[in-house]
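Topology and contacts: notes
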Amino acid sequence: MRRRTFTSAGIGALALPALTLAPSLLRAAPLPTTPVRIIVGFAAGGGTDVLARVLAQKLSVMWGTQVLVENKPGATGVIAADYVAKQPADGTTLLMAHVNSNAIAPALMTNVKYDPRRDFSPIVMVGVTPNVLTCVDTQKVRTVPEIVELCRSKPGQVSFGSSGIGSAQHLALEMFMLATKVKATHVPYKGSSALLVDLMGGQIDFAFDTMTAATPFIKQGKVTAIAQTRIKRARSYPNVPTLAESGCPGLDAASWYGLVGPKGMPAEMVQRMNQDVNKVLALPEIAAKLDEFGAEDAGGSSEKFGAYIQAECTKWAKVVKDANVRVDA
């Protein structure tokens, strides 16, 4: 999730209700007394960055210490993840983990030095968002079965844009081609902005994009949502079918993000952080903003998030192998 879809000014103005914790819990679960950094692997202003800043603002109040966001963009989040993996496990450096850096990249890129399953302490899931298959309103082929037939009639000639090589959106296309046994042309962009410009300009036929980036254009009628890439439909898009129900059984290519720290963090600290972030995510205004853009399944236990990461690493490694995709980076 790399493009801004949340309004930072509106979110930053949200008031934090009084949140108290029992003194016994405070003693049992110490927090850092020095400033905490949340590292984001994407540029300032993108969706992941804005969400990290929302959490940071709320947690600063709850924890009584500064919680800052620091951007280390590059290599689809790998630079940031590699940095955090090497930091002390004292809770002062956390990572806003992303599907790209903490599930896809280790299988896709040749020089990733960390293992997302072993080198981090999972804290909490922040959200899971479908990707969405889109076209412009002038496109006459606007259903999944029709797109499959078009690709079969013109092997390798139908173009699909994504927000970058190795992104979850790129691999959603690879999964689509594997499921339907068609060949198409992948056109990678450096982010969703350029992708949307070319889609609306007719330079590409279709696009796999993040739901957060595409939503404003869908609401404006400039882009049409054809299908979404989770098994279940997002509550905010109840009338848009999934690829799984449109001839691609089992296809699940979501973007997700969550909070992790370096491996070896004290269990009590992880538990305390998990509880506090869950409180923030449950705030009505935060939950409503997440839901607006299709981000669901936020919160839960650290153990559940850890198991999710394990499953995602296994899934994406199989996709990379089956699609025979590899990136030197």
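Scroll up to find the structure this text is about.
Now for a description of the structure that goes with this document. The structure presented is a predicted model; accordingly, all values stated were derived computationally and were not measured. (Residues numbered from 1 in each chain as written. Predicted model: local features only at pLDDT ≥ 70, side-chain atom pairs only at ≥ 80, totals over all residues. Heavy atoms only, no water.)

1. Some details on the overall build of the protein chain
Using the following cut-off: Here a strand is any run of E in DSSP of at least two residues, a helix any run of H or I of at least four, and the numbering for each starts at the N terminus. As defined in this context, the radius of gyration uses C-alpha atoms, and a globule is described by 2.2 Å times the residue total to the power 0.38. We call two residues contacting when some pair of their heavy atoms lies within 4.5 Å. For every accessible area listed, the method is Shrake-Rupley and the probe measures 1.4 Å; residues are considered covered only by the protein chains on display. Positive residues here are Lys and Arg, negative ones are Asp and Glu, while His and the chain termini are left out of the count. Throughout, a charge is located at the NZ atom of Lys, the CZ atom of Arg, the CG atom of Asp or the CD atom of Glu.
The helix and strand inventory of the protein chain stands at twelve helices and ten strands. In terms of overall size, the protein chain behaves like a compact globule, its C-alpha atoms giving a radius of gyration of 20 Å where 329 residues would be expected to give roughly 20 Å. Here the analysis covers contacts within the protein chain between residues at least 6 apart in sequence; of these, 79% occur between residues at least 24 apart. Here the protein chain has roughly 13300 Å² of accessible surface; of this, 55% comes from carbon and sulfur atoms. Once the 34 positive and 26 negative side-chain charges of the protein chain are each reduced to a mean point, those two points are 1 Å apart.

2. A word on the state of the cysteines
Rules: Defined by distance alone, a disulfide is two cysteine sulfur atoms within 2.5 Å. The rule is simple: take the accessible area with a 1.4 Å probe, protein chains only, and divide by the maximum for that residue type; under 20% is buried, over 50% is exposed, in between is partly exposed.
Tallied over the entire structure, the rule returns zero disulfides. In this model C135 remains outside any disulfide bridge; the closest cysteine sulfur is found in C151, 13 Å from its own. Judged by its relative accessible area of 0%, C135 is buried.

3. Concerning the pattern of salt bridges
This is how the line gets drawn: The term salt bridge refers to a side-chain nitrogen of Lys or Arg lying within 4 Å of a carboxyl oxygen of Asp or Glu.
Counting across every chain of the model gives 18 salt bridges. The partner of E70 in a salt bridge is R37, and the shortest N-O contact between them spans 2.9 Å. Placement of E70 in strand β2 (residues 67-71) and of R37 in strand β1 (residues 36-40) is noted, with a sequence separation of 33 residues between them. Linking R53 and D49 is a salt bridge whose minimum nitrogen-to-oxygen distance equals 3.0 Å. Of this pair, R53 and D49 are both found in helix α3 (residues 47-63), four residues apart, which corresponds to roughly one turn of the helix. Connected via shared salt-bridge partners are R230, K232, R235, D291, E296 and D297.

4. Observations regarding the pairing of strand β6 (residues 159-162)
The following threshold applies: When DSSP finds two or more bridges between a pair of strands, those strands are recorded as paired.
Burial of the side chains of β6 extends over both faces: S159 and G161 are buried on one face and F160 and S162 on the other. Sheet topology places β6 next to strand β7 (residues 185-188); four bridges connect them, and they run parallel. Each residue of the ladder has a partner; that of G161, found in β7, is V187. The sheet contact formed by β6 and strand β8 (residues 206-210) spans two bridges and is parallel. Note on β8: the bridge partner recorded for G161 is A207.

5. Details of the side chain of S163
For clarity, the threshold we go by: Distance and chemistry together define a polar contact, namely a pair of N or O atoms within 3.5 Å, with one atom able to donate a hydrogen and the other to accept it when in protein, and with adjacent residues in sequence counting only for side-chain atoms on both sides.
Relative to the helices and strands, S163 resides in the loop between β6 and α7 (168-180). One polar contact links S163 to Q169, side chain to side chain, over a distance of 2.6 Å.

6. Some points on the sheet that holds β8
Let me state the cut-off plainly: Geometry is summarised by axes, namely lines fitted to C-alpha atoms with helices restricted to the contacting stretch, and by angles between N-to-C directions that run from 0 to 180 degrees.
Strand order in the open sheet formed by five strands is β7-β6-β8-β5-β9, with mixed pairing between adjacent strands. Bordering the open sheet on either side are β7 and β9 (224-228), each of which pairs with just one other strand. Along the sheet, successive strands turn relative to each other by an average axial angle of 30 degrees, direction set aside. Relative to β9, strand β5 (residues 131-135) runs antiparallel, the two being bridged by four bridges. Paired with C135 across the strands is T224, a residue of β9. This element, helix α6 (residues 144-153), spans β5, β6, β8 and β9 of the sheet and lies at about 90 degrees to β9. Strands β5, β6 and β8 of the sheet are contacted by helix α8 (residues 192-201), whose axis makes an angle of about 150 degrees with β8.

7. A few points about the layout of surface pockets
The criterion, for reference: In this analysis a 1.4 Å probe is tested at points of a 1 Å grid over the protein atoms alone, and where it fits but cannot get out there is a cavity; an open set with protein on both sides within 12 Å along at least five of seven lines is a pocket; lining residues have an atom within 4 Å of a point. Grid points are joined across faces, edges and corners, and a volume is the space filled by probe spheres set on the points.
The calculated volume of the second largest pocket comes to roughly 200 Å³. If you trace the second largest pocket, you find 13 residues lining it, with M125, V128, D297, K304 and Y308 closest to the centre. Among the elements of the structure, β4 (120-129) and α12 (302-323) are those that each provide at least two residues to the lining of the second largest pocket. Tallying contributions element by element places α12 first for the lining of the second largest pocket, with five residues.

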